[in-house]
Amino acid sequence: MKTILKTTTLILTFTLLFSCTEEKTADAFGNFEDDAVIVSAENAGKLISYRVDEGISFKKSGLVGVIDTIQLHLKKEVLLAGIKTIESKARNVESKRAVLQEQLDLQKVNQKRIKKMFKDGAATQKQMDDINSQVKITKQRINNINIQKSSVLAERESLQAQIKQTNDLISKCILHSPIDGTVLVNFVKEAEFVAPGKPLYTIQDLNSLSLKAYVSETQLTSIKLNQKVKIEVDALKGTQTLEGTIYWINPQAEFTPKQIQTKEERRNLVYAIKIRVDNSNGILKIGMPAGVYF
């Protein structure tokens with residue numbers, strides 16, 4: 001009987017040892033990262049409309065809010081009125097230039113005639129000098145008019161640039177989602193005043209998450225960019241296996257992060273890697289630990 005018990009015990013022991021040796025330890029460990037985009041205000045003003053709240057999903061370019069633009073629209077109206085005034089001034093300058101050009105054309109005809117008469121002895125030197133002086137003065141006046149016109153046109157271009165700038169500021173008051181994603185944290189509420197650079201909310205595409213894990217120097221030869229790997233996460237019943245793709249490998253070593261490994265292992269140098277994992281089913285969460293199998 002004792003012999004049977006000893007034999008049974010040995011069999012169970014070997015079975016347990018064999019099963020333990022069959023269980024494979026993960027090649028690397030890590031956590032799913034927060035890769036959220038921080039969306040900030042690009043203009044100052046009161047939030048007259050704001051649809052953002054934690055957990056809400058937006059499509060890229062989807063409308064999320066509006067900052068008050070009344071002052072900007074009033075400024076634009078002033079600039080447009082200035083453009084009309086300048087255009088009226090430009091037409092007046094052009095009209096003066098046209099009159100002077102007609103005078104110059106007539107004077108050049110007279111100059112040509114008097115010059116011929118002077119050669120024939122039918123005109124005096126004074127007549128020749130007078131017509132030459134008239135042509136010279138008219139040309140100078142036309143030149144002055146051209147300078148004045150250039151100044152008016154430059155002023156118009158300046159106002160047009162200010163209008164473009166105002167339109168850009170107005171467009172930045174219309175808040176759109178920069179990506180497809182879900183709002184993780186909201187910092188403001190409707191009717192609050194915001195300033196340029198003030199964070200409004202964070203948003204992240206949760207359809208795929210990034211797993212940051214760490215490998216030793218000896219493991220580097222067994223991994224490469226775009227390599228497919230298996231990801232294992234804890235589930236209600238055992239574990240669940242997913243597929244991921246390595247998209248980043250840190251070229252520089254670092255000390256093992258203390259939140260990942262034991263104190264002894266933290267003395268070792270490791271290399272960080274990032275793995276993109278599909279999360280269209282929504283089972284993965286930011287901060288969740290996972291094991292990686294190469």
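What you see as residue numbers is a count from 1 along each chain, following the sequence as written. It should be noted that, the model being predicted, local features are given only for residues of pLDDT at least 70 and side-chain atom pairs only at 80 or more, the latter also being counted only at that level, while totals for whole chains, interfaces and linings use all residues. Water and hydrogen atoms were dropped before computing side-chain values, which therefore reflect all heavy atoms in the structure.

Peer 1: Can you break down the packing of aromatic side chains residue by residue, with the values?
Peer 2: Between 30 and 60 degrees the pair is tilted, below 30 it is stacked and above 60 it is edge-to-face, where a pair is any two Phe, Tyr or Trp rings, Trp via its six-membered ring, whose centres lie within 6.5 Å. This model, assessed by the stated rule, comprises 0 aromatic pairs. One residue, Lys-274, lies across the ring of Trp-248, its end atom 5.2 Å from the ring centre. In our convention, an over-ring charge means Lys NZ or Arg CZ found within 6 Å of a ring centre and within 35 degrees of that ring's normal.

Peer 1: Talk me through the sheet that holds strand 8 (residues 193–194); I want residue IDs and the actual numbers.
Peer 2: Pairing between strands requires that DSSP locate at least two bridges from one strand to the other. Each helix is a run of H or I in the DSSP string that is no shorter than four residues. Each strand is a run of E no shorter than two, and both are numbered from the N terminus. Reading across the sheet, the 4 strands line up as 6-5-3-8 and stay open at both edges, with antiparallel pairing between neighbours. Every other strand in the sheet has two partners, leaving strand 6 (174–176) and strand 8 as the edge strands with one partner each. In the sheet, strand 3 (residues 45–50) pairs with strand 5 (residues 63–67) via 3 bridges, with the strands oriented antiparallel. The residue of strand 5 that forms the bridge with Ser-49 is Val-66.

Peer 1: Give a detailed account of the layout of surface pockets, specifying residues and quantitative values.
Peer 2: The definitions used throughout rest on a 1 Å grid laid over the protein atoms alone, on which a cavity is an enclosed set of points accommodating a 1.4 Å probe that cannot get out and a pocket is an open set flanked by protein within 12 Å on both sides along at least five of seven lines; lining residues are those having an atom within 4 Å of a point. Grid points are joined across faces, edges and corners, and a volume is the space filled by probe spheres set on the points. Its boundaries defined by the atoms lining it, the second largest pocket holds a volume of some 150 Å³. If you go around the second largest pocket, the residues you meet are Ser-57, Phe-58, Lys-59, Asp-180, Gly-181, Thr-182, Asp-205, Leu-206, Asn-207, Asn-279 and Gly-282. If you list the elements that add at least two residues to the lining of the second largest pocket, you get strand 4 (57–58) and strand 7 (181–186). Gly is placed with the polar residues, together with every amino acid not listed as nonpolar (Ala, Val, Leu, Ile, Met, Phe, Trp, Tyr, Cys and Pro) or charged (Asp, Glu, Lys and Arg). A class-by-class count of the residues in the lining of the second largest pocket yields 2 nonpolar, 6 polar and 3 charged.

Peer 1: Now, about the pattern of salt bridges: what can you tell me, with residues and values included?
Peer 2: Salt bridges are defined by distance alone: a side-chain nitrogen of Lys or Arg within 4 Å of a carboxyl oxygen of Asp or Glu. The final tally for this structure, using the stated rule, is 4 salt bridges. Residues Glu-94 and Lys-149 are paired through a salt bridge, measuring 2.7 Å at the closest nitrogen-oxygen approach. Of this pair, Glu-94 sits in helix 2 (residues 70–120) while Lys-149 sits in helix 3 (residues 125–172); the two residues are 55 residues apart in sequence, bridging distant segments of the chain. For every residue, the accessible area obtained with a 1.4 Å probe (protein chains only) is divided by the maximum for its type, and the residue is called buried under 20%, exposed over 50%, and partly exposed between those limits. On the basis of relative accessible area, Glu-94 is assigned to the partly exposed category, the value being 30%. Classification of Lys-149 as partly exposed rests on a relative accessible area of 27%. A salt bridge links Lys-172 to Asp-168; the nearest nitrogen and oxygen atoms lie 3.2 Å apart. Taken together, the positions of Lys-172 and Asp-168, both in helix 3 and 4 residues apart, correspond to about one turn of that helix. Judged by its relative accessible area of 29%, Lys-172 falls in the partly exposed class. Residue Asp-168 is classed as partly exposed on the basis of its relative accessible area of 34%.

Peer 1: Describe in detail the environment of Tyr-293, supporting the description with residues and values.
Peer 2: On the secondary structure map, Tyr-293 appears in strand 15 (residues 289–293). The class of Tyr-293 is buried, set by a relative accessible area of 13%. C-alpha of Tyr-293 to C-alpha of Thr-25: the two residues are 268 residues apart in sequence and 8.4 Å apart in space. Here a polar contact is recorded for every N or O atom pair within 3.5 Å, except that within protein the pair must consist of a potential hydrogen donor and a potential acceptor, and residues adjacent in sequence are included only if both atoms are side-chain atoms. Engagement of the side chain of Tyr-293 in a polar contact is seen with the side chain of Glu-232, the distance being 3.2 Å.

Peer 1: Go over the environment of Lys-116 with me, naming the residues and quoting the values.
Peer 2: Within the element layout of this structure, Lys-116 appears in helix 2. In this structure, the C-alpha to C-alpha distance between Lys-116 and Met-128, residues 12 residues apart in sequence, is 10.0 Å.

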